[in-house]
Amino acid sequence: MNREKAMQIVKEQLPEKRYLHSVRVMETAVQLAERFQDDAKKAEMAGIFHDYAKYRPQEELKKIIEEQNMPKELLDFHSELWHGPAGAYLVEQEAGIADKDVLSAITYHTTGRQGMTQLEKIVFLADYIEPGRQFPGLDEVREAAKEDLDEAVLMALRNTISFLMSKRSTIYPDTFHAYNDLVKKTEE
Ligand code: DGI
Ligand code: FE
Ligand code: FE
């Protein structure tokens, strides 16, 4: 699918602000793919589609997670975590995206996981550092992203986990698994 068609499909799914965020994630993901020698076309597709299901009714996302045998544990955690996995399913069904690498990057874009693929890291990081984002510690992560993908993803995970803990929120185990994995990897 070409970029224009993908953008048109996503535009119809999302409010203007979220659509513009998706375009910036796409552009950032393409830059990161070029920088770290990944497939720019896959980064483009995963970036533009990553939040495709963000505005679907919670009931619909829940039903997909149940019926498609996704981890039931997701339903015991914040509903913010559902739009990635359920979104990958909807993007495959409705937009005809079949590429497994693209779909897994969409699936794990919020939580991360142990053993993230490079494309998963790229989309996770692009979502965090796209130019429209602004929160404490972000400039440091943007700097790290110029040189070291694992280090930048680790910093983003650390910030997110700290932020969630400061709010007394629960933290989904895959987020800890992604964090632990990259701490070990970056120590080597
Ligand atoms: O969809 P976006 O707003 O662009 O960003 P996102 O998909 O990363 O997710 C949204 C939020 O989900 C993020 O700001 C923090 C929140 N969240 C709640 N519980 C968890 C969590 N994020 C992670 N990584 N792990 C959690 O357990
Ligand atoms: Fe998201
Ligand atoms: Fe996003």
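Above this note sits the structure.
Residues numbered from 1 in each chain as written. Chains lettered and ligands numbered in written order. Predicted model: local features only at pLDDT ≥ 70, side-chain atom pairs only at ≥ 80, totals over all residues. Heavy atoms only, no water.

Enquirer: Describe the coordination of the iron ion (ligand 3), and please don't skip the residues or the numbers.
Expert: For the iron ion (ligand 3), the full set of protein donor atoms is H21 (NE2), H50 (NE2), D51 (OD) and D127 (OD), and the range of their distances to it is 2.2 to 2.3 Å. Taken as an interatomic distance, the gap from the iron ion (ligand 3) to the iron ion (ligand 2) is 3.6 Å; D51 donates to each of them. Of the two residues, D51 is situated in the loop between α3 (40-49) and α4 (58-67) and D127 in helix α7 (residues 118-129); the sequence distance between them amounts to 76 residues. Exposure remark for D51: the relative accessible area of 2% places this residue in the buried category. The class of D127 is buried, set by a relative accessible area of 10%. (Donors = N, O, S within 2.8 Å, 3.2 Å for Na, K, Ca; no water. Helix = DSSP H or I, 4+ residues; strand = E, 2+ residues; numbered from the N terminus. Buried < 20%, exposed > 50% of the residue type's maximum accessible area, 1.4 Å probe, protein only.)

Enquirer: Outline the site of ligand 1, supporting the account with residue identities and numerical values.
Expert: Close to ligand 1 lie 18 residues; R18, K54, T110, R133 and Y172 are nearest. Between ligand 1 and the protein, one listed contact pairs an oxygen atom with a side-chain N or O atom of D51 at 3.1 Å. Taking T110, its side chain carries an N or O atom lying 2.6 Å from an oxygen atom of ligand 1. More than half of the atoms of ligand 1 fall within 2 Å of the grid points belonging to the largest pocket. Elements with a contribution of two residues or more to the shell around ligand 1: α2 (16-35) and α9 (149-166). Considering only residue class, the shell around ligand 1 consists of 4 nonpolar, 8 polar and 6 charged. (Near = heavy atom within 4 Å. Polar contact = N/O pair within 3.5 Å; in protein donor to acceptor, adjacent residues only side chain to side chain. 1 Å grid on protein atoms, 1.4 Å probe; cavity = no way out; pocket = protein on both sides within 12 Å on 5 of 7 lines; lining within 4 Å. Sits in = over half its atoms within 2 Å of the grid points. Nonpolar A, V, L, I, M, F, W, Y, C, P; charged D, E, K, R; others polar.)

Enquirer: Pulling in residues and values, what's your account of the coordination of the iron ion (ligand 2)?
Expert: The protein atoms that coordinate the iron ion (ligand 2) are D51 (OD), H83 (NE2) and H109 (NE2), at distances spanning 2.1 Å. Here the donor residues for the iron ion (ligand 2) map to a single chain with the spacing D-x31-H-x25-H.

Enquirer: Describe unusual backbone geometry, with residues and values.
Expert: At N69, a residue that is not glycine, the phi angle is positive and equals roughly 55°. Positive phi, close to 60°, is recorded for R168, a residue that is not glycine. Along the chain, R168 turns up in the loop between α9 and α10 (173-187). The class for R168 is exposed, based on a relative accessible area of 79%.

Enquirer: If you had to explain the packing of helix α1 (residues 3-13) against α2 to someone new, which residues and values would you point to?
Expert: The N-to-C vectors of α1 and α2 enclose an angle of 150°; their axes lie 10 Å apart at closest approach. Taken together, the axes of α1 and α2 are roughly antiparallel relative to one another. At the point where α1 passes α2, the crossing takes the right-handed sense. Counting all contacts with α1, which are made through R3, M7, V10 and K11, the residues of α2 involved are E16, Y19, S22, V23, M26, E27 and V30. Here the residues of the contact of α1 with α2 sort into 6 nonpolar, 1 polar and 4 charged. (Axes fitted to C-alpha atoms, helices over the stretch in contact; angles between N-to-C directions. Parallel < 35°, antiparallel > 145°, perpendicular 65-115°, else oblique. Left-handed = near helix turned anticlockwise from the far one by under 90°. Contact = heavy atoms within 4.5 Å.)

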